[in-house]
Amino acid sequence: YYLKSGRRSTLRIEIPRGGYSPVFLRQEPARDTAPTSAPTCGDLSKDAEAELARVLASPDFPATGRNRKFLNYVVEKELAGCQSALTAAVIGVRVFKRGAEFNPNLDPIVRIEAGKLRRDLETYYLKAGGANPLRISIPKGAYRPVFSYV
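Everything numeric in this text was worked out from a predicted model, so none of it was measured.

Caption draft 1: Structural context of the overall build of the protein. Helix and strand counts for the protein come out as 4 helices and 5 strands. Along the protein, helices and strands appear, N-terminal first, in the series β-β-β-α-α-α-α-β-β. Contacts spanning at least 24 positions in sequence make up 42% of the contacts within the protein whose residues lie at least 6 apart. With the model as given, the accessible surface of the protein reaches about 9900 Å², and the carbon-plus-sulfur share is 54%.

What follows is the structure, given as structure tokens:
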């Protein structure tokens, strides 16, 4: 049996003869072309800004207005090299307009909205942004965006 695991790989399930325990094997898809080299680091900033503009302008990006602002904020701060501004406390105050006394341990707004933004980005790249040369993602556990060439 073959299952799609939601990513670019296929999950294969095998049940050995005479056994009851399934064995899960991950298969990477065969690549038809040789991998192309990624652009140099000097181009990443321009490419990331262009990809951000493309995502935010797309009607197929399902994020709410404040999650668009959240994405714009974290990408701009990452490109500017201000990683200290990418904490839950700072994002809560600057993006979500919480007061200076905002405590991310008591108010989970940043974590909740980051989860929604991750889902919205995944949905966008599965539907409309599949052909985009660069992808923006925000891995779990942090608010720093990651840029990857496809």
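Alright, that's what it looks like, and here's the rest.
Caption draft 2: How the structure looks around unusual backbone geometry. If you check the backbone angles, Lys97 has positive phi at about 55° while not being a glycine. With respect to the secondary-structure elements, Lys97 resides in the loop between helix 3 (88–94) and helix 4 (109–127). When its relative accessible area of 60% is taken as the criterion, Lys97 is described as exposed.

Caption draft 3: Geometry of the side chain of Asn67. Position of Asn67 among the secondary structure elements: in helix 2 (residues 65–80). On the basis of relative accessible area, Asn67 is assigned to the buried category, the value being 1%. In this structure Asn67 touches Phe96, Glu113, Lys116, Leu117 and Asp120, once residues within four positions along its chain are discounted.

Caption draft 4: The arrangement of the environment of Lys127 in detail. Topologically, Lys127 is positioned in helix 4. Each C-alpha atom of the pair Lys127 and Asp60 lies 7.7 Å from the other, and the pair is 67 residues apart in sequence.

Caption draft 5: Region of interest: the nonpolar core. Judged by nonpolar contacts, the single largest core of 29 residues is most densely connected at Phe61, Phe70, Leu71, Val74, Ile91, Val110 and Leu121. Put simply, the parts of the chain that give this core at least two residues each are helix 1 (41–57), helix 2, helix 3, helix 4 and strand 4 (134–137). Counting residues per element, this core draws most heavily on helix 4, which supplies 7 residues. Dropping the residues within four chain positions of it, Phe70 is found in contact with Ile91, Val95, Phe96, Val110, Glu113, Ala114, Leu117 and Tyr143.

Caption draft 6: Representation of the pattern of salt bridges. Overall, the coordinates contain 5 salt bridges when judged by the stated rule. Note that Arg98 and Asp107 form a salt bridge whose closest N and O atoms lie 2.8 Å from each other. One salt bridge in this structure joins Glu113 and Lys116, with 3.5 Å as the shortest N-O distance. Pair noted here: Glu113 and Lys116 are both in helix 4, with a separation of 3 residues, about one helical turn. Residue classification places Lys116 among the partly exposed residues on the basis of a relative accessible area of 35%. Salt bridges here are not isolated pairs; linked through shared partners, they connect Arg66, Glu113 and Lys116.

Reading guide: rules and limits
- Residues numbered from 1 in each chain as written.
- Predicted model: local features only at pLDDT ≥ 70, side-chain atom pairs only at ≥ 80, totals over all residues.
- Heavy atoms only, no water.
- Helix = DSSP H or I, 4+ residues; strand = E, 2+ residues; numbered from the N terminus.
- Contact = heavy atoms within 4.5 Å.
- Areas by Shrake-Rupley, 256 points an atom, 1.4 Å probe, with all protein chains shown as cover.
- Buried < 20%, exposed > 50% of the residue type's maximum accessible area, 1.4 Å probe, protein only.
- Core = buried A, V, L, I, M, F, W, Y, C linked by side-chain atoms within 4.5 Å.
- Salt bridge = Lys/Arg side-chain N within 4 Å of Asp/Glu carboxyl O.

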